[in-house]
Amino acid sequence: MSTQPAHGDATIAVSDELAARDDMIVCRDVDKWFGDFQALSGITATIKEQEIVVVLGPSGSGKSTWIRCINRLEAHQSGQIIVDGIELTNDLRNIEKIRSEVGMVFQQFNLFPHLTVMDNITLAPIWVRRKSRPEAEELAESLLERVGIPEQAQKFPGQLSGGQQQRVAIARALAMEPRVMLFDEPTSALDPEMIKEVLDVMEELARSGMTMMVVTHEMGFAREVADRIIFMEEGEIVEVGTPHHFFTEPAEERTKLFLSQVL
Amino acid sequence: MTDPMPPAAPTALAAEPVGPAASPPDRPSLPPGRWIRENLFPNARNSILTVFAILVALFTYRGLLNFMFSEERSWIAVRTNLRLMFTQAYPEHQYIRVWVTVGLVVVLAGLSAGIWARWGGVTLKRLMGWLMSGGGLVAVGVLIREPSVLTDAAGETVRDDVGELVRESFAAAMADRWVWWAAALVLFGLGLALWLRFDDLARRTSEIPVAWLVFGLPGLLVASTWVIRYGHYAFADGEFIAEPGQLVAMSTRVPWTVIWLLLVGCFGIGRVARSRAIASSQAVPDAADDDEGAEDEAAPELPRGALAKTRAIVNLAWVLSPFFLYWVVMRDPEIDYAHVFSTMLPMGLAFGVVGSAVLWWLTRSDAGEVGRLAAIGLLLLAAFHWVAAFFGWYSMLQVARIAFLLLAVAGLLAPNFAGVAAQRRRLVGAWLFVVLLVFYGATVINAPSTIETPTDMFIGGFSVTLLVSVLTIMLSFPIGVLLALARTSRQPIFRVLSTVYIEVIRGVPLITLLLFFSGVLPLFLPDGMEIAELAAAILGYTLFSAAYLAENVRGGLQSIRRGQYEAADAVGLTTTQRTGFIVLPQSLRVSIPPLVGQVIATFKETSLLAIIGLFDFLRMANSVVPNQSQFLGVRREGLLFISVVYWVVAFAMSKYSQRLEQRVGLGQR
């Protein structure tokens, strides 16, 4: 993995100047507008290596927008986002580099329907990481084993259940051997009986030391797995704290209101 | 395409042993009388409609038969001119080249059919249906066709006092047509015999392999030419040959027999290769294969990735064959090899070697601004040669100017490939391929032939129709895809250019475009630049077809959901990889029906070649044959004949596209 920024390349900022060594994601005063509507205002937060951060908030609060800014599926308009020591700018090379270090799991899975599960997983390792096909397939098999569906490798996504599809999507992201995993409401499109199988995989991933940022409505997962919880509303970070602090003695009125509605 | 499992099968439970699915209760088919009552005459209104529709069909059928069997028809004109209609006056002593071409295509077709196709079967019930309805149709035709005109001893038609033609009596007509009665009886009898031989269940479940019919019927036809005296009619060296009661000419029988044997032989080879691949994959049983079990043993699915190399080679051969066959058929027998060896070959080599060196230098990681300036300089120099040729200061060979310009474009693209050795090699490889293509094309395709034929063109008739449509489709497809991508691109300049191009081309009638390219374009070209008439026509068709293909592909592109783009981005694919692996495969799959529609349209539109003065299939039937001294004014027979040929080809393409849709739709739900 090429995690070391290339020294001497002027387009890639060196980590020392921008962030501390174990800061995986740093956001400073990030603003984002959709037309006249301000989706994010002054987001400032740091996520350390191996930290599990869960982002909570009512719908429309900007959680998804923020997480999508972190691998540049949306462009922020002002402020700084630094991932693994690399600042996100319009420079395509930086964006591609960050995207290959950051795995993302979507609400709607977004598997490639015309490729088998195996091809879905091996495509990026082969073409972005330049792995050989046998090497990539070996990796894919071990990942499918890890997410619990080794027997589905030759099926097409349309032949799998929602929970299985989401687990394939997780395996696909992991196949790039990312430094950070982003989860954008990974269980919201699933039937209730399938949510657990996906959450189990995510918990296992968290225990293995992966840095994770999770947008979710699963309060149980947030309480048990998260190291920190970030609560957002109307594009702002309202409150940050450990699960214990957040669920038992929230400081802000808005947080209390939210919790009273969802718990 | 590994999994031919029906969607209803419980795939999610594959871990548990799944027994054979319960089949629906067996429903015997209705007896004919009840079927007719329930489906055709269920109530008064539908009965009237049924009767009306049958009457319309019968009158149309009668009109067609009266036309075909009228004493005024001269079908001999078509038979005599078959060769003319398909290849025009292709020189007799060179004809082997045409047969080689047909043979090569047949070899590829046989191999592909053997390796790929999952040939199903025709149930006995359908076969019997075809036989019996065929017999019935012939019998009805014999009954409703009007009685023939009487002729006297001298062969003149007999007229009555008022000058009306005298026809034989109905009874005499029926007796005269005993051959047709016999044919009807044989067909119907065969069907009936099969029907009585098997019970209802066997009729619906027993199958005859389609391949037997597809290869067997032409085989019977070819074999019959050795036995049955069809008569020998030909038009050769200005002489009309008419020898009824003879066998078909040896020069027809032998090649077709060889071609049929080639077809069947290659099909067999493909089949053997396929069954070997299947056998070797079953030796190592796969977990996924277990629940497919008895799915369909008659045509097992070829395992994924098997025969990959063979398939790749056959595919490549298909793609390259038009260019190679063009050379086989169109090559000037007196081609100026001195010119090829003294000029074209060394020049091509020089462009290949020097161009590669230049590109290698331009893609060094430290080429930087100097490299860009050098590329721009190259472009200016290349453009200058065109200007110089235009004003007649001096003129470099056209092919050299084209190659120069392409080199400059490659030079401008160089920074995208800079640095990584593999990327640099790819650019140089692409350049060598382009040089090969340009010089091959200039030597072979855009070179006028010196062979003496009655018209300017070496070849004509159906061959030209086929040649133009195949080349047009092959060339316009990539252009169409690029245009569609450009039109949906984020770059405004690409978007605007592509939109303007598509809208302009779609707003202009095809015939105008063709006239422009064949008649007007040569006047615009600078001195020293020339374009063969056929090349001009192909260019016109290609530009036209590309615009329409682009719109079809764009429809497919718009059906791709945003999530697919985001997922591809999120795993780090570059824009090119995203387009090539994720977006295009899915959108082309969606656009198969309109794309095939466009391909069929292009094939039929080649008949406009007749208007710009090329001798295509239509022109042969519409003006060449009716102008022969022997067959003055015999036009309608030829038109009916070419309509049938056009229809057969178009129908085959349409059927193939339906199968293609089913095949690529398999994994997708």
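Refer to the structure printed above.
Remember, it's a predicted structure, so these values are computed and weren't measured experimentally.

What follows deals with the overall build of chain B. A count of helices and strands for chain B gives 25 helices and four strands. A buried classification covers 36% of the 669 residues belonging to chain B. Within chain B, residue pairs in contact and separated by at least 24 positions form 76% of the contacts whose partners lie at least 6 positions apart.

Turning our eyes to something else, we now look at the overall build of chain A. Along its length, chain A carries 10 helices and 10 strands. For 263 residues, the compact-globule formula gives about 18 Å, and the C-alpha radius of gyration of chain A, at 18 Å, lands near that figure. In terms of its C-alpha atoms, chain A occupies a principal-axis envelope of roughly 55 × 50 × 35 Å. Within chain A, the fraction of its 263 residues that count as buried is 59%. Relative to all contacts within chain A whose residues are 6 or more apart in sequence, the contacts with residues 24 or more apart total 66%. Summing over all exposed atoms, chain A offers an accessible surface of approximately 10,800 Å²; the carbon and sulfur share of this is 47%. In chain A, which carries 25 positive and 42 negative side-chain charges, the distance between the mean positions of the two groups comes to 3 Å.

With that settled, the discussion passes to a nonpolar patch on the surface. Residues and elements named next belong to chain B. Among the surface-exposed residues, L30, W35, I36, F41, V51, I54, L55, L58, F59 and V140 lie close enough to one another that they form a single nonpolar patch of about 840 Å² accessible area. Elements that contribute at least two residues to the nonpolar patch include exactly α1 (32-39) and α2 (44-69). Examining the composition of the nonpolar patch, we find that five residues originate from one element, α2, more than from any other. Turning to its location among the elements, F41 is positioned in the loop between α1 and α2.

So, about the pairing of strand β10 (residues 236-241) of chain A. Residues and elements named next belong to chain A. With five bridges connecting them, strand β9 (residues 228-233) and β10 associate as antiparallel partners. The residue bridging M232 from the neighbouring strand is I237, located in β10. In textbook terms, the turn of a hairpin is the stretch between consecutive antiparallel strands, and for β9 and β10 this stretch comprises two residues, one of which, E234, has a positive phi near 50 degrees.

Moving on, we come to the interface of chain B and chain A. Facing 27 residues of chain B, the contacting portion of chain A comprises 29 residues. Roughly 2,800 Å² of surface becomes buried between chain B and chain A when both sides are summed, with 54% attributable to carbon and sulfur atoms. By the criterion of area lost to chain A, the three top residues of chain B are A570(B), V571(B) and F581(B), representing 19% of everything that side buries. For the interface between chain B and chain A, the tally reads three salt bridges.

All names here are of chain B. Where helix α24 (residues 617-624) meets helix α25 (residues 636-664), the axes come as close as 9 Å, and the angle between the chain directions of the two elements is 170 degrees. For the element pair α24 / α25, the angle class is roughly antiparallel. Across the interface between the two elements, F617, L618, A621 and N622 from α24 touch G638, L639, F641, I642, V645 and Y646 from α25.

As a further point, take the pattern of salt bridges. Per the stated rule, a full pass over the model turns up 28 salt bridges over all chains. Between R228(A) and E51(A) there is a salt bridge whose closest N-O contact spans 2.6 Å. Taken together, the residues R228(A) in strand β9 and E51(A) in the loop between β2 (37-48) and β3 (52-56) connect sequence positions 177 residues apart. For R228(A), a relative accessible area of 21% puts it in the partly exposed group. The closest approach of N and O atoms between E637(B) and R73(B), which form a salt bridge, is 2.9 Å. Highlighted residues: E637(B) in helix α25 and R73(B) in the loop between α2 and α3 (76-80), separated in sequence by 564 residues. In the salt-bridge network here, residues are joined through shared partners; they are K32(A), R68(A), E74(A), R562(B) and E566(B).

Before going further, it helps to examine the packing of helix α20 (residues 533-558) of chain B against helix α22 (residues 575-590) of chain B. Residues and elements named next belong to chain B. At a closest axis distance of 8 Å, the pairing of α20 and α22 adopts a crossing angle of 115 degrees. The orientation of α20 with respect to α22, classified from their angle, is roughly perpendicular. When the axes of α20 and α22 are compared, the crossing they make is right-handed. Along the contact surface, α20 presents V553, G556 and L557, while α22 presents V583, L584, S587, L588 and V590.

With that out of the way, let us pick up the sheet that holds β10(A). Residue and element names in this part refer to chain A. Spatially, β6-β7-β8-β3-β9-β10 is the arrangement adopted by the six strands of the open sheet, whose pairing is mixed. Every other strand in the sheet has two partners, leaving β6 (102-105) and β10 as the edge strands with one partner each. The sheet shows a mean angle of 20 degrees between the axes of neighbouring strands, direction not considered. Pairing between β3 and β9: four bridges, direction parallel. Across the sheet, residue V55 finds its bridge partner in β9, namely I230. Against the sheet, helix α6 (residues 162-174) makes contact with β6 and β7 (180-184), and its axis sits at roughly 170 degrees relative to β6, the strand it touches most.

Turning our eyes to something else, we now look at the environment of T242(A). Residues and elements named next belong to chain A. Counting through the fold element by element, T242 comes out in the loop between β10 and α9 (243-248). Through-space distance from the C-alpha of T242 to that of A226 is 7.6 Å; in sequence the pair is 16 residues apart. Those residues in contact with T242 that sit more than four places away from it in its chain are D227 and R228.

Turning our attention to the nonpolar core. Nonpolar side chains in soluble globular proteins tend to be buried together. Counting 50 residues, the largest nonpolar core has L56(A), I170(A), M181(A), F183(A), M202(A) and M212(A) as its most contacted members. Broken down by element, this core gets its largest block of residues, eight residues, from helix α7 (residues 192-207) of chain A. When residues no more than four places from it in sequence are discounted, the contact partners of M202(A) are I170(A), F183(A), P186(A), M212(A), V214(A) and F221(A). Counting residues in hydrophobic clusters, the runner-up holds 43 residues, among them Y95(B), L467(B), I505(B) and L584(B).

Below, the discussion takes up the packing of aromatic side chains. Residues and elements named next belong to chain B. What the rule picks out here adds up to 21 aromatic pairs over all chains. Here R203 stacks its cationic end above the ring of W195, 3.7 Å away from the centre of that ring. The ring of F615 carries the charged tip of R619 above its face, separated from the ring centre by 4.1 Å.

Residues and elements named next belong to chain A. Reading across from one edge, β2-β1-β4-β5 is the order of the four strands in this open sheet, with antiparallel pairing throughout. Every interior strand has two partners, whereas the edge strands, β2 and β5 (86-87), have only one. Against the sheet, helix α2 (residues 63-70) makes contact with β1 (23-34), β2 and β4 (78-83), and its axis sits at roughly 60 degrees relative to β2, the strand it touches most.

This paragraph deals with the state of the cysteines. All names here are of chain A. The full count for this structure, using the stated rule, is zero disulfides over all chains. Here C69 is not cross-linked by a disulfide; its sulfur's nearest cysteine counterpart is in C27, at 8.3 Å. What makes C69 buried here is its relative accessible area of 0%.

This next bit is on the pairing of strand β8 (residues 211-215) of chain A. Residue and element names in this part refer to chain A. Burial analysis of β8 places five of its five residues in the buried class, which makes it a mostly covered element. Of the two faces of β8, the one lined by T211, M213 and V215 and the one lined by M212 and V214 are each fully buried. As defined by bridge partners, β3 adjoins β8 across four bridges and the pair is classed as parallel. Across the sheet, V54 pairs through a bridge with V214, a residue of β8. Bridging between β7 and β8 involves five bridges; their strand directions are parallel. Paired with D184 across the bridge in β8 is V215. Viewed along the sheet, the connection from β7 through α7 into β8 turns out right-handed.

What counts, and at which threshold
Residues numbered from 1 in each chain as written. Chains lettered and ligands numbered in written order. Predicted model: local features only at pLDDT ≥ 70, side-chain atom pairs only at ≥ 80, totals over all residues. Heavy atoms only, no water. Helix = DSSP H or I, 4+ residues; strand = E, 2+ residues; numbered from the N terminus. Buried < 20%, exposed > 50% of the residue type's maximum accessible area, 1.4 Å probe, protein only. Contact = heavy atoms within 4.5 Å. Rg over C-alpha atoms; globule rule 2.2 N^0.38 Å. Areas by Shrake-Rupley, 256 points an atom, 1.4 Å probe, with all protein chains shown as cover. Lys, Arg positive; Asp, Glu negative; His and termini not counted. Charge placed at Lys NZ, Arg CZ, Asp CG, Glu CD. Patch = residues over 30% accessible without salt bridge, like charges linked within 9 Å, V, L, I, M, F, W, Y side chains within 5 Å. Salt bridge = Lys/Arg side-chain N within 4 Å of Asp/Glu carboxyl O. Pairing = 2+ DSSP bridges. Buried area = accessible area lost by both parts, 1.4 Å probe. Axes fitted to C-alpha atoms, helices over the stretch in contact; angles between N-to-C directions. Parallel < 35°, antiparallel > 145°, perpendicular 65-115°, else oblique. Left-handed = near helix turned anticlockwise from the far one by under 90°. Core = buried A, V, L, I, M, F, W, Y, C linked by side-chain atoms within 4.5 Å. Phe/Tyr/Trp six-rings, centres within 6.5 Å; stacked < 30°, edge-to-face > 60°. Lys NZ or Arg CZ within 6 Å of the ring centre and 35° of its normal. Disulfide = S-S within 2.5 Å. Right-handed = clockwise from strand over helix to strand, strands pointing away.

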